[in-house]
Amino acid sequence: MYPVRFEEARVTDGELWLTGPVFTARVQARGPAWRVLVFQRPEDAEKGSFAVVENERAPLHYAEGRVSASDRPPLDLTLEPFSFAFAGLRFPGLYARPLGTWADHAGFFDPTGLLSPPPPAEGRPLGGGFALVLEEAPERRYFGLGERTGFLDKKGRRYTFWNADAFDYEPHTDPLYQSQPFLLAVDGAGAAGLVLDETWRLVFDLAKADPRLSRLETPGPTLDLYLLPGPTPAEVTENLTRLIGPPPLPPLWALGYHQCRYGYASQAELEAVAGELEAHGIPFSALWLDIDHMEGYKVFTLDRHRFPDLKRLAQRLEAKNAKLVAIVDPCVKKEPGYPVYEEGHALGAFIKSARGEEVVGEVWPKPAVWPDFTRDEVRRWWGRLHRFYLENGVAGIWNDMNEPSAFALEGLDAPERTLPPGALHGGRTHAEVHNVYGQCMSRATFEGLLALAPERRPFVLTRAGYLGIQRYAWVWTGDNKSSWVHLEMSVPMLLNMGLSGIAFAGADIGGFSEDADPELVLRWTQLGAFYPFMRNHAAKTSRRQEPYAFGEPWTGKIAEAIRFRYRLLPYVYTLAEEAARTGAPLMRPLFWHFPEDETAYSVFDQFLFGPALLVAPVTRPGQTHRSLYLPRGRWQHWWRGTLYEGPGWITVEASLEEIPLFLREGHAVPLTEPRAAKTAFFEPLYFRAFPEGQSRGEVYLDAGDGHDPGTRYEALVNVERRAFKGPRGARAFIQTKEGNVIWLD
Ligand code: GLC
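Note that the structure is predicted; figures quoted are calculated from it, not measured.

Below, the discussion takes up the overall build of the protein. Within the protein one finds 13 helices and 49 strands. Dimensions of the protein, computed from C-alpha atoms along their principal axes, come out at roughly 75 × 65 × 45 Å. Considering the protein as a whole, with its 745 residues, one finds that 64% of them fall into the buried category. The long-range share in the protein, meaning contacts at least 24 apart out of those at least 6 apart in sequence, stands at 69%.

Pasting the structure below:
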């Protein structure tokens, strides 16, 4: 290990260049962040990014080891050995590895040795990666890291960034399908963010091997780091959004209820599902087509025997304001005469081995090849192919298996069920771009849909992604299980995804693999009413778990939870519009709104849904009561009207009909009637206000699709004066603490 050192520091064109015997570094005030890019090869000075969209640079100043620029805390540097500190985070050393140790990613040095750095590696060229050391503070907590199993605080574990088909994952499985190398660190000094913008297989050891240090490792030739100021977690989110961009505003229908199952094998079956949902008074916004819609698992085909007239089904659903979404996997069946394969082959679109041959393997189709979505012309071609689905009435696209997953490879081992690290994407190896494969596929899909139907807002769901995936797709947490542990774990998973830029995500409601029971589906649907993405989905071999599958008394209660989501839709849509401007997640950990509250940082199984609602799901079978934490201020039990005063722990009853839900003092929440509406001009429109004092709410109204600007309205309620001021036609009500409803007009 070689401690990186520099000998000279020079400010040129408003940025700082550090030069040393082996490495060079560029320090930039980029958007709200500091960027530190360390490299060895001259061509890496202009390294690009799949994540960062911010290109605005503020001029910086450098004097006596301190780099400063407007609107951010300074960066303190020493050159020899290179170390730096920012906003309470101290990085005592950066170490480079010799070349040729790429495969050795299982903890490549003794962490305790770092306090007295080992001598430079003799006789071997450097360039085999970096390890950045971060000094620990006992009280520091870590959040973010994208999609991870476990609780809310991520400290004390080691995380790998390597998108994996993590079928049937368990509470300790790592990695999963996504890679967001972003950390939110919170300690006595406040909150700060860190992005290691490297697409290689990274490892973050967060005070696991040595409680005194964390270390961030990349096997690539550069170290591309961004440091984001807070000082609150919410400000870190805002700054992260400036760096990597917000998600686009989704169409209204995407925020409704989605019904899916791996195994819906015919148009008649989908029609029956729609009929059952309707018969039980269950509103829905989309039915999903999994892989059985294809002919022989060939993407962009339809089995015409089983799906004779998909367009007619789409029209029937359209009349109810519901849509069809179809799965599109990246693996293309290698079959002479199949136009998608022939076209891709002629274009040279498929990933090749170092020998220049297409890499062939197996997924659902076999044999299969994989398009190289890192290339512009391949993305454009793939995007155009979606005309097929649009012409058949499909409105949204579901990207799966895009880690990419490979069940087997022809002539090669596939121990990691993905492509070989040496496969070529143009001039880059798969090892370098593996983690952005899914992101580039979803980008192709998103841009394709936008080009084909520019008047509509694209809807794409993806399993794999990298930092910035929110610009192209929503995310779901892959193949979970029908178990209470998975229901519970979905909360911290989605909260940390929200902090990592992914405002729109959800877990399969009811669980994907194994068998659900009715109580699990009920409790999960009650929780799922607050997932940004609300979809019930299950594996082919598992018991049916549609809302009507279990009969009464379950169906009625599950239906009520879905209807509640539709009642809440004006609020959900208003939060979605905020996310599209600021990146603010819809599901927020308690500390996001209450950063001064120490207890809020460890509460993993509750969350705030926007600023106004606190949700505490029931996470165990047979549970009739729930203990929960209320931060400071007053809170009203949504269903019973009771008022509580925080901060403190309370226990409330949670009968099968109710998920513990609280309205925060000073807030008013827009609501409507429970139906799948065509536009987001919600009629009727009500505000439910806190029953005492003054409350404020907001609602965003627009056409629900397309690009015409909408309007954000304010609603003000004064209970003492019985006064309400809000958008035209809207009304307001309160529920008294005894449970009576009073209208204020
Ligand atoms: C994968 C997906 C799952 C899907 C199945 C069949 O397991 O994660 O959601 O249903 O493939 O396409």
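Moving on from the model shown.
Further remarks concern the sheet that holds strand S47 (residues 723–725). Spatial ordering of the open sheet is given by S45-S46-S47, a layout of three strands whose pairing is antiparallel. Strands at the two margins of the open sheet, each flanked by one partner only, are strand S45 (694–701) and S47. If you compare each strand with its neighbour and ignore which way they point, the axes differ by 15° on average. Here S45 pairs with strand S46 (residues 711–718) via eight bridges, running antiparallel. Residue pairing in the sheet places Leu-701 in a bridge with Thr-711 of S46. On the sheet, helix H12 (residues 569–582) packs against S45 and S46 and is oriented at approximately 75° with respect to S45.

Take the site of the ligand next. The immediate surroundings of the ligand are formed by 13 residues, with Asp-290, Asp-400, Arg-463, Asp-479 and His-537 found nearest. Within the side chain of Asp-479, an N or O atom sits 2.5 Å from an oxygen atom of the ligand. Interatomic distance of 2.9 Å between a side-chain N/O atom of His-537 and an oxygen atom of the ligand. Protein chains shield 96% of the accessible area of the ligand, which is 300 Å² for the free molecule. A breakdown of the residues in the shell around the ligand according to their chemical character gives eight nonpolar, one polar and four charged.

To continue, consider the side chain of Ser-490. Tracing the backbone shows Ser-490 in helix H9 (residues 484–499). Looking at Ser-490, the relative accessible area reads 2%, which means it is buried. Here Ser-490 is in contact with Ala-507, Trp-524, Leu-527 and Tyr-531, once residues within four sequence places are set aside.

What follows deals with helix H10 (residues 518–528). Along an α-helix, residues three or four positions apart point the same way, because every turn accommodates 3.6 residues. Judged by how many residues are buried, H10 sits mostly within the fold: eleven of eleven residues are covered. For H10, the set of buried residues is Pro-518, Glu-519, Leu-520, Val-521, Leu-522, Arg-523, Trp-524, Thr-525, Gln-526, Leu-527 and Gly-528. Close packing links the buried residues of H10 with H9, strand S36 (534–536), helix H11 (554–567) and strand S38 (607–609). Residue Asp-517 occupies the N-cap position of H10, its side-chain oxygen lying 3.1 Å from the main-chain nitrogen of Glu-519.

All right, on to the sheet that holds strand S9 (residues 75–78) then. Pairing is antiparallel across the open sheet formed by five strands, whose spatial order is S7-S8-S9-S10-S11. Strands with a single pairing partner mark the edges of an open sheet, and in this sheet they are strand S7 (61–63) and strand S11 (89–91). Averaged over all pairs of adjacent strands, the angle between their axes in this sheet comes to 15°, without regard to strand direction. Relative to S9, strand S8 (residues 66–68) runs antiparallel, the two sharing two bridges. Residue pairing across strands places Arg-66 opposite Asp-76, the latter belonging to S9.

About the criteria used
- Residues numbered from 1 in each chain as written.
- Predicted model: local features only at pLDDT ≥ 70, side-chain atom pairs only at ≥ 80, totals over all residues.
- Heavy atoms only, no water.
- Helix = DSSP H or I, 4+ residues; strand = E, 2+ residues; numbered from the N terminus.
- Buried < 20%, exposed > 50% of the residue type's maximum accessible area, 1.4 Å probe, protein only.
- Contact = heavy atoms within 4.5 Å.
- Pairing = 2+ DSSP bridges.
- Axes fitted to C-alpha atoms, helices over the stretch in contact; angles between N-to-C directions.
- Near = heavy atom within 4 Å.
- Polar contact = N/O pair within 3.5 Å; in protein donor to acceptor, adjacent residues only side chain to side chain.
- Areas by Shrake-Rupley, 256 points an atom, 1.4 Å probe, with all protein chains shown as cover.
- Nonpolar A, V, L, I, M, F, W, Y, C, P; charged D, E, K, R; others polar.

Read these as spatial facts, not as claims about activity.
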